[in-house]
Amino acid sequence: MPHSPSVILLDIEGTTLPVAFVHKVLFPYARKALPTLIRERGNDPAVQTALKETQAAAPGVKPLDQLMAWMDQDAKVAPLKALQGIVWADGYASGALVAALFPDVPPALRAWKQAGLTLAVYSSGSAPAQRLIYGHTTDGDLTPLFSAFLDLDMGGKKEATSYRRILETMKWNAADVLFVSDVVAELDAAQASGLLTCQMVRPEDGTVAGQSHPVAHSIAEVASLFHLPAPESRAN
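Rules used throughout
- Residues numbered from 1 in each chain as written.
- Predicted model: local features only at pLDDT ≥ 70, side-chain atom pairs only at ≥ 80, totals over all residues.
- Heavy atoms only, no water.
- Salt bridge = Lys/Arg side-chain N within 4 Å of Asp/Glu carboxyl O.
- Helix = DSSP H or I, 4+ residues; strand = E, 2+ residues; numbered from the N terminus.
- Buried < 20%, exposed > 50% of the residue type's maximum accessible area, 1.4 Å probe, protein only.
- Core = buried A, V, L, I, M, F, W, Y, C linked by side-chain atoms within 4.5 Å.
- Contact = heavy atoms within 4.5 Å.

*Asks:* Would you explain the pattern of salt bridges in this entry?
*Replies:* If the charged atoms of two oppositely charged side chains come close together, the side chains can form a pair. Enumeration according to the criterion identifies eight salt bridges in this entry. Lys 157 is paired through a salt bridge with Asp 11; the nearest N and O atoms lie 2.7 Å apart. Placement of the pair is Lys 157 in the loop between strand S3 (148-150) and helix H7 (160-170) and Asp 11 in the loop between strand S1 (7-10) and helix H1 (19-40), with a sequence separation of 146 residues. The exposure class assigned to Lys 157 is buried, which follows from its relative accessible area of 7%. According to the relative accessible area criterion, Asp 11 is buried, its value standing at 5%. A salt bridge links Arg 31 to Asp 72; the shortest N-O distance between them is 2.5 Å. Within this pair, whereas Arg 31 is found in helix H1, its partner Asp 72 is found in helix H3 (residues 63-73), the two being separated by 41 residues in sequence.

*Asks:* How should the nonpolar core be read in this particular structure?
*Replies:* Membership of the largest hydrophobic core comes to 57 residues, with the highest contact counts inside it found for Trp 88, Trp 112 and Val 222. Tallying contributions element by element places H1 first for this core, with seven residues. If sequence neighbours within four positions are ignored, Trp 112 has contacts with Ile 8, Leu 117, Leu 119, Ile 219, Val 222, Ala 223, Leu 228 and Pro 229. Of all hydrophobic cores here, the second largest spans 18 residues; its members include Ala 120, Leu 187, Ala 189 and Ala 190.

Set out below in structure tokens:
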């Protein structure tokens, strides 16, 4: 019988948010907005820093061309993430972007927070981008429910050392932390560092279930598997 955790560490894409939102809404929005951002706000220090880092990574290539290439590759690189975060912030602020989480997620987050559990996010998207998603949902601002937003500053999500760094940084006991993700390689890395793990297999995203971790098809199933407070049922 799985141990009941006191900390829930959540992936975003494919776990709490449909993959389609990222690939069909956020990425196209960034692709369209980046040229304007670079042209009109090229003197902004944050933009300048990201462009310099892009040039350093790909000498001889126009920064915009490299950024577009990275987006095509879904590359997890800091300058791209920084610039995407800026254009997404503008989009959320204007109301052009609103995050539609899986319907079962907000009730669960509220139930777990009310029960005294610690909630945190670990995603390849930057911490500011994570806050934008949870701060502008169809259920309102959910950021107060979370104690931490962790990103690639902790290391790659498929590396066991990243999860050990998270434990050290947050002063968590590995056996008390449940990491929920749709990616088996991430769960393998977390498990190697002593964390509890659960694979989220969302039918909407076509996720393939592995065999080395408990599998849930909804947040309610995660709650059942790990003896967590059950969220109130909610119609889709």
